[in-house]
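Each chain, letter by letter, is given below.
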Amino acid sequence: MDILSNLAMGFGIALSPFTLMLAVAGCFLGTIIGALPGLGPSNGVAILIPLTFTMGLDATSALVLMTAVYYGAMYGGRISSILLNIPGDEPALMTTLDGYPMAKAGRAGDALVLSGVASFVGAFLATVGLMLLAPMLARVAYFFGPAEYFALYLLAFCTLGGMASNNQAKAALASCIGLAIAMIGVDNNSGMPRLTYGNMHLMDGVDFLVAIVGLFAIAEVFFFIESHGKGSSIGVKLDKVGIPWKDIIDTKWTMLRASGVGFIAGILPGAGASLGSFLAYMSEKSLAGEKGGFGTGVPKGVAAPEAGNNAAAGGALVPMLTLGVPGSGTTAVLLALLMTLNITPGPTLFTDRPEVVWGLIASLLIANVVLLLMNVPMVKIFVKILMVPAWVLLPGVTMISFVGIYSLSGSYFDLLLMVGFGVLGYVLRKLDVPTVPVILGILLGGNMENALRRAMVLSDGDALFLWSSPIAIGLWIFAIAGFVAPMFMRGLLKKPQRITD
């Protein structure tokens, strides 16, 4: 009954005209961002975060807008995967395996509509799972002390860093860079400045929004200048678009199974939508066997990864809201947004700010329906977005980033720092060093340090206190496994090669 009453309160917030308008706008913008190759949900949310401060949105409205962009980008990634054989983001990689062959066989419209329905099923079921599981997990979080939280933060670094890179050493280096940036500023305990080098602007530390917008948005501008300056073109033409009822009915159980697999993958800190998409596709391929025809353009090969990656996107919100630990790169950006708005994710969020949580859940349920209605009849419009040249996109991205950050702080130094982070992000990407662990280090470094300090105070400096409970031991085991396992799974998670004519 509590869930129903809370959900009713959430719909009361979500159905207000302004919040509903934000959800629809976020879905539209997110779909466009997801359709553009290379941007993806992390970059899209990071680019648009300054817009929330420019508009003066409160916590609930800002979170509704950004999560709608998040869900919309997960939907949009399939468009370029099917038509260009270029995934709009990493989770859409698996969609290229059957989506592009299906499009080349003259069924581009069917593939786009089927993938849209599969995305709806995965995202809708994941939102229901969030509604049911998040409150229970929040109650479990009350058993966490400083030792457990330190192990939990370590788990986030090990798993999210490990899954974000092909090289564990580079992932560890990126985490260390993030932790070093998090240490900049005046130490809360000793009052001594750390790594400020006498610069007064750094005494308060580095604003993680400045770092995020620089590492994602500004770095993306540099990257576009280098590799996308000439725009893009459609690889497969889209003619008639209809609803493939037979394919939808034939793949209904595939969508349900893939949604379950993706949601579980999303809940695991660091796994994210990429692993959800991969596991959903591979599980359906193994069930179908060699006669299933996976890889040749079968509808199940399109439905499975799309349901899996969208379900994983919803699942990643569970640890972010209940434990304050991001389940993916995009939820790390959303976590930064919440912290900037003085909202502390964790078990107390459900009791202290229920309007934020349940308004978000209700808005996500509405956004899923909006995305389904938007992505079927308007798919031809989104396809045209793929032909927008980079020289049109670049000024808009740059303007939003600079105006948003300046409106937030009013400091020219933050603008220079943002450009500096953009250069850092560009260099890291050129060296194939993941930027998500850097963001994670900046976000969680202070909390991780505080948890370690409290643990040492409680134990009189006894390091064994960090392994003093079954929960802490379990988290340490999962952290070590999460860092080591990708070394052995890298061959299975190898990115599919682009097909050329």
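Residues numbered from 1 in each chain as written. Predicted model: local features only at pLDDT ≥ 70, side-chain atom pairs only at ≥ 80, totals over all residues. Heavy atoms only, no water.

Here the focus is the pattern of salt bridges. One pass over the structure, following the stated rule, counts five salt bridges. D250 is the salt-bridge partner of K246, the closest N and O atoms lying 2.8 Å from each other. On the criterion of helical spacing, the pair formed by K246 and D250 is a turn pair, its members being four residues apart in helix α9 (residues 245-250). Given the relative accessible area of 60%, K246 is considered exposed. On the basis of relative accessibility, which here comes to 42%, the residue D250 falls in the partly exposed class. Three or more residues joined by partner-sharing salt bridges are found here, namely R194, E449 and R453. (Salt bridge = Lys/Arg side-chain N within 4 Å of Asp/Glu carboxyl O. Helix = DSSP H or I, 4+ residues; strand = E, 2+ residues; numbered from the N terminus. Buried < 20%, exposed > 50% of the residue type's maximum accessible area, 1.4 Å probe, protein only.)

Attention shifts here to the packing of aromatic side chains. Within the structure shown, the criterion is met by five aromatic pairs. Relative to W476, the ring of F150 has its centre 6.3 Å away and its plane inclined at 40 degrees; by these criteria the two rings are tilted. Pair noted here: F150 is in helix α6 (residues 146-164) and W476 is in helix α21 (residues 470-489), with a separation of 326 residues, a long-range link. Per residue, the accessibility class of F150 equals that of W476, and both read buried. Note on F222 and Y426: the rings are 6.2 Å apart at their centroids and 80 degrees apart in plane angle, and the pair reads as edge-to-face. Here F222 is found in helix α8 (residues 208-227), whereas its partner Y426 is found in helix α19 (residues 412-430), with 204 residues between them in sequence. The class of F222 is partly exposed, set by a relative accessible area of 28%. (Phe/Tyr/Trp six-rings, centres within 6.5 Å; stacked < 30°, edge-to-face > 60°.)

Even without glycine at this site, L195 takes up a positive phi of about 60 degrees. Relative to the assigned elements, L195 resides in the loop between β2 (193-194) and α8.

What follows deals with the packing of helix α14 (residues 329-340) against helix α20 (residues 436-459). At a closest axis distance of 10 Å, the pairing of α14 and α20 adopts a crossing angle of 40 degrees. In this view, α14 runs oblique relative to α20, as classed from their interaxial angle. Viewed along their axes, α14 and α20 form a crossing whose handedness is left-handed. Note on element contacts: α20 touches α14 through V436, I439, L443, L444 and N447, opposite G329, A332, L335, A336 and M339. Of the residues assigned to the contact of α14 with α20, the class counts are eight nonpolar, two polar and no charged. (Axes fitted to C-alpha atoms, helices over the stretch in contact; angles between N-to-C directions. Parallel < 35°, antiparallel > 145°, perpendicular 65-115°, else oblique. Left-handed = near helix turned anticlockwise from the far one by under 90°. Contact = heavy atoms within 4.5 Å. Nonpolar A, V, L, I, M, F, W, Y, C, P; charged D, E, K, R; others polar.)

Looking now at the confidence of the model for the chain. Residues of the chain with pLDDT of at least 70 account for 81%, and the chain-wide mean is 77. Highest mean pLDDT in the chain belongs to α19 (88); lowest belongs to helix α17 (residues 379-385) (65). Throughout residues 493-501 the model reports pLDDT below 50, and contacts reaching past four residues in sequence, or to other chains, amount to 14 contacts. (pLDDT = per-residue confidence, 0-100.)

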